[in-house]
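An overview of the molecular structure
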Amino acid sequence: MANSEHTFVAIKPDGVQRNLVGETIKHFEQKGFCLIAMKLIQASEDFLKEHYIDLKDHPFFASLVKYMQSGPVVAMVRKGLNVVKTGQVMLRETNSADSKPGTIHGDFCIQVGRNIIHGSDSVESAEKEIDLWFQPEERVDYKSCAQNWIYECQVMREQTSVLCLFHSLSYP
Ligand code: UDP
Ligand code: MG
């Protein structure tokens with residue numbers, strides 16, 4: 001367990017067109033997940049088919065690809081402790097009708113087919129999606145000063161969980 005876990009997040013074309021880019025980024029920024037990469041991209045049909053390959057047999061696959069291709073997407077990578085799972089909680093549920101207020105889907109969406117934001121659903125998919133959307137040179141790793149105030153344990157900030165046990169008595 002370390003704060004170096006990465007997830008892929010994409011603000012979908014409806015999120016961009018509805019001017020919800022700032023609002024959705026704000027959720028991740030305020031939470032404390034570190035920004036590693038970000039770009040505005042008009043994805044091609046083939047690219048989106050690759051991104052959603054696991055859903056290719058679903059009846060909504062063609063309309064999903066068309067929707068995602070209907071305008072630019074803001075793609076980003078966020079880093080932090082349990083960022084994949086927590087990112088999903090921040091978005092949930094897939095169907096906006098089942099989503100609670102306070103979540104992005106709950107606050108900004110009505111239908112499943114227009115749900116403004118995508119987040120990786122597992123660490124494994126996050127790795128695949130990040131590799132698909134970002135070249136290594138597009139990802140910037142840096143020391144964020146805010147991390148010192150977001151994580152309680154000094155060593156969590158330094159991404160070495162084992163040492164955390166030894167340091168817990170001496171911190172701060
Ligand atoms: N989707 C849809 N109809 C459905 C289920 C999903 O249009 O019945 C779309 C929706 O935009 C969703 C995306 O397909 O976000 C990917 O589906 P998935 O099951 O992976 O949900 P997610 O991971 O986005 O929660
Ligand atoms: Mg999914």
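The present account deals with the structure reproduced in this document. If you're wondering where the values come from, they're calculated on a predicted model, not measured in any experiment.

Time to look at the overall build of the protein chain. Each helix and strand counted, the protein chain has ten helices and four strands in total. Here the protein chain holds 172 residues, and 42% of them are scored as buried. When contacts within the protein chain are restricted to residue pairs at least 6 apart in sequence, those whose partners lie at least 24 apart make up 75%. With an accessible surface of roughly 9,900 Å², the protein chain has 55% of that area assigned to carbon and sulfur atoms.

Turning our attention to the site of ligand 1. As a matter of local geometry, ligand 1 sits amid Lys12, Tyr52, Leu55, Phe60, Leu64, Arg92, Thr94, Val112, Gly113 and Asn115. A distance of 2.9 Å is found between an oxygen atom of ligand 1 and a side-chain nitrogen or oxygen belonging to Lys12. Between ligand 1 and the protein, one listed contact pairs an oxygen atom with a side-chain N or O atom of Asn115 at 2.8 Å. When ligand 1 is considered free in solution it has 500 Å² of accessible area, and contact with the protein chains removes 78% of it. Partitioning the shell around ligand 1 into residue classes produces five nonpolar, three polar and two charged.

Bringing the environment of Leu55 into the picture now. With respect to the secondary-structure elements, Leu55 resides in the loop between helix 3 (45-51) and helix 4 (61-68). Setting aside residues up to four positions removed in sequence, Leu55 forms contacts with Phe60, Phe61 and Leu64.

Right, let's talk about the sheet that holds strand 4 (residues 117-119) for a bit. Strand order in the open sheet formed by four strands is 2-3-1-4, and the pairing between neighbours is antiparallel. Because the sheet does not close on itself, it has two edges, and the strands there are strand 2 (34-41) and strand 4. Mean inter-strand twist for the sheet, computed between neighbouring axes without regard to direction, equals 15°. Where strand 1 (residues 6-11) and strand 3 (residues 73-79) come together, six bridges link them in antiparallel fashion. Bridging from a neighbouring strand, Thr7 pairs with Arg78 of strand 3. The strands touched by helix 2 (residues 21-31) within the sheet are strand 1, strand 2, strand 3 and strand 4, with strand 3 carrying the most contacts at an inclination of about 5°. Across the sheet, helix 7 (residues 123-133) touches strand 1, strand 2, strand 3 and strand 4, and the angle it forms with strand 1 is around 60°.

The next point concerns the side chain of Ser120. Tracing the sequence through the fold places Ser120 in the loop between strand 4 and helix 7. Owing to a relative accessible area of 1%, Ser120 belongs among the buried residues under this scheme. The contacts of Ser120, once residues within four sequence positions are left out, are Thr7, Phe8, Val84, Gln88, Ser125, Ala126 and Glu129.

Conventions used here
- Residues numbered from 1 in each chain as written.
- Chains lettered and ligands numbered in written order.
- Predicted model: local features only at pLDDT ≥ 70, side-chain atom pairs only at ≥ 80, totals over all residues.
- Heavy atoms only, no water.
- Helix = DSSP H or I, 4+ residues; strand = E, 2+ residues; numbered from the N terminus.
- Buried < 20%, exposed > 50% of the residue type's maximum accessible area, 1.4 Å probe, protein only.
- Contact = heavy atoms within 4.5 Å.
- Areas by Shrake-Rupley, 256 points an atom, 1.4 Å probe, with all protein chains shown as cover.
- Near = heavy atom within 4 Å.
- Polar contact = N/O pair within 3.5 Å; in protein donor to acceptor, adjacent residues only side chain to side chain.
- Nonpolar A, V, L, I, M, F, W, Y, C, P; charged D, E, K, R; others polar.
- Pairing = 2+ DSSP bridges.
- Axes fitted to C-alpha atoms, helices over the stretch in contact; angles between N-to-C directions.

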